[in-house]
Amino acid sequence: MLRTLFAAIPLAAVMASPAVSGPSGDPAEVLEELIGSTSSYYLTQSEQNLMMMPDNPALWTIEEGEELFRTPRGPNNVSLEECDFGKGPGVVEGVFVELPRYFEDTGEVMDLGNRIIYCMTTLQGFTADDPEIKDIHGSNTDHMKLQTFIASQSNGMPWNNPLDHPLEIAMRDAGEAVFYRRAGPFDFNCAACHGEAGKRIRASVLPHSSNPKEWTKAISWPAFRVGQDNARSSQHRVRECIWQMRYPPIVAGSDLSIALLSYWTDLARGQPAIIPDMKR
Amino acid sequence: MFENKFRVAAAVAALTLAGTYAIAADVDYTAMTPQELAEYLIFEANGFKLDAQVQEESSARDRLVQDELQMVCTETRNNPSTEQAEAIRQAARDTIVYPEGDIVLGDWEKGRDLAWSGFGYRLEPNFDNHERSGPGANCYNCHEFAGDRQGGTIGPSLRNYGKLRASEEEEVSQAIYRLAYGIIYNAHSMFPCTRMPRQGAKGLLTQEQILDIMAYLFDPESPVNNE
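In this text, all values refer to a predicted model and were calculated from it rather than measured experimentally.

So, how was this worked out
- Residues numbered from 1 in each chain as written.
- Chains lettered and ligands numbered in written order.
- Predicted model: local features only at pLDDT ≥ 70, side-chain atom pairs only at ≥ 80, totals over all residues.
- Heavy atoms only, no water.
- Helix = DSSP H or I, 4+ residues; strand = E, 2+ residues; numbered from the N terminus.
- Buried < 20%, exposed > 50% of the residue type's maximum accessible area, 1.4 Å probe, protein only.
- Contact = heavy atoms within 4.5 Å.
- Areas by Shrake-Rupley, 256 points an atom, 1.4 Å probe, with all protein chains shown as cover.
- UniProt positions renumbered as here; feature names shortened; annotations may be inferred.
- pLDDT = per-residue confidence, 0-100.
- Salt bridge = Lys/Arg side-chain N within 4 Å of Asp/Glu carboxyl O.
- Domains from an automatic or database assignment.
- Polar contact = N/O pair within 3.5 Å; in protein donor to acceptor, adjacent residues only side chain to side chain.
- Buried area = accessible area lost by both parts, 1.4 Å probe.

I would appreciate a short explanation of the overall build of chain B in the present structure.
For chain B, the count of helices and strands is 10 helices and 0 strands. Starting at the N terminus and ending at the C terminus, chain B contains elements arranged as α-α-α-α-α-α-α-α-α-α. Taken over 227 residues, chain B has a buried fraction of 48%. Sequence separation of 24 or more characterises 56% of the internal contacts of chain B that already satisfy a separation of 6 or more. Summing over all exposed atoms, chain B offers an accessible surface of approximately 11800 Å²; the carbon and sulfur share of this is 50%.

Here's what the structure looks like:
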């Protein structure tokens, strides 16, 4: 019933009522405002997706994710409500736009996916081989549900991954180096396809990494991939671009992937996240 | 060197990363330059599956090792100095193997199929089996060719490529054919640090395939010159 609920309740009511699961505010409005503030072929390329935003199937994923989040699970039979995503145990609001970040308890810079794994392991008692943890890129996985719920609680908020700890800076800078590093059979780097505005790979309009207003939509994951009929994560998008580049498969959650995510989040700094978004 | 220095740490990293979130605690990322850390994350910290199956003789790891050209274009962000650019052009020219004698165009229909195929060299999770079908040339991702299908816009439009280069009474000259052949074979010979893949120099396309693609570009019958 989320869809009807969501369409019917005014924005303020959604934000005021913690009992209603849904993103913090309306992603369609965030996107509309962004589109109105600039002129971008990338942002406006799919009229159909823009129209579908209120019926984004990923809104259901949020609901499922919240339920999963609050349900006691795993050998320890506890919920994830005590998980610290960077703003203290139990806080989910606004945490995603400030990831990846350095965590004292692990001594590492972590993204949302890794942090969920950390809490599922340390709090709930899951082990690395459990499907709940292992199934990262599948459809309708626990990961996708949890990530979509948690990330949606940052909808409309400005990207602001901290760059205070030396490791956060080191990872961001290494991510930039990887972004521009040319390699592989085709000599590609990320900038080969994302280094200019308004260019297309065949029919797809590409986001320009130096334009934060385009890049914020580009990195707004989880998003519903219409072509794949499923909600997908940031790590999933990275994997697909890496595959197109003819590189070896990237390891989700590796420090390399976190470095890339640290840089790509920094590129969108200050612009509002659109979560859940819809993409082709 | 770099790799030796981190060998022990890498072994630890490989062990712990097989789990979930833990990494080697004894490697100080903050003591490295961004480039050093990038290389470390790529080659030593389980960032890529370096032993993934590949189509070619060598390894997945080898795909990530930079050659001289990739290094210079990375360092300069595709803006080489005048001297670097000249060195790149010269080195690229040296890679080009031209057909013996005159360039004779191949079969434009085969060329079209190649230009519009994105198949080839992709690895896990959706491995391109080259035994089932040969790798394509991927041109359409970045170039427009004709009105019949939508190509990309990262590279220049190639519509009417041959028509624009032929004069009323004369066919396209051998000099122009050689130029086009050189660009497809190794475009850095003309445009240092271009984003275009080195199709011939890296063995992605055979001489015959390049001549087929050239026919797609130059043949008066080809849709490129008719739509």
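Teacher, can you tell me more about the UniProt feature "domain: Cytochrome c" (unreviewed entry) in chain A here?
The sites that UniProt annotates as "domain: Cytochrome c" (unreviewed entry) are residues 64–158 of chain A. Counted over residues 64–158 of chain A, helix gives 35% and strand 6%. Its end C-alpha atoms are 25 Å apart.

Would you explain the confidence of the model for chain B in this entry?
Per-residue confidence for chain B averages 90 on the pLDDT scale, and 88% of its residues sit at or above 70. Interface confidence in the predicted complex, given as ipTM, is 0.92; pTM for the same model is 0.92.

Just to check I follow, could you spell out the pattern of salt bridges for this structure?
Any two side chains of opposite charge can pair if their charged atoms end up close together. All names here are of chain A. Evaluation of the coordinates by the stated rule reveals 27 salt bridges over all chains. Between Asp266 and Arg172 there is a salt bridge; the shortest N-O distance is 2.6 Å. With a gap of 94 residues between them, Asp266 in helix α14 (residues 255–267) and Arg172 in helix α10 (residues 166–180) connect regions that are remote in the sequence. Across the pair, Arg172 and Asp266 agree in class, each one buried. For Arg269, the salt bridge goes to Asp266, with nearest N and O atoms at 2.9 Å.

Can you walk me through the domain arrangement of chain B in this structure?
Residue and element names in this part refer to chain B. Looking at the assigned domains, one finds that chain B contains domain 1 (2–73) and domain 2 (82–225). Domain 1 puts 12 residues into the contact, and the matching count from domain 2 is 13 residues. Our enumeration of links across domain 1 and domain 2 arrives at 2 salt bridges. Between Glu124 and Lys49 there is a salt bridge, and its shortest N-O distance comes to 2.5 Å. Between the two partners, domain 1 and domain 2, sit 5 residue pairs in polar contact (both at pLDDT 80 or more).

Any chance you could explain the interface of chain A and chain B here in plain terms?
By convention, interface size is frequently given as the accessible area that disappears when the constituent parts associate. If you look at the interface, chain A gives 50 residues, while chain B gives 56 residues. A per-residue breakdown of the area chain A buries against chain B is headed by Arg181, Arg182 and Trp243 of chain A, which together make up 17% of the total. Inspection of the chain A/chain B interface yields 6 salt bridges. Between Asp187 of chain A and Lys202 of chain B there is a salt bridge, and its shortest N-O distance comes to 3.5 Å. Elements supplying a minimum of two residues to the side of chain A that touches chain B: β2 (108–110), α7 (112–122), α10, α11 (191–194), β3 (200–201), α13 (234–244) and α14 of chain A.

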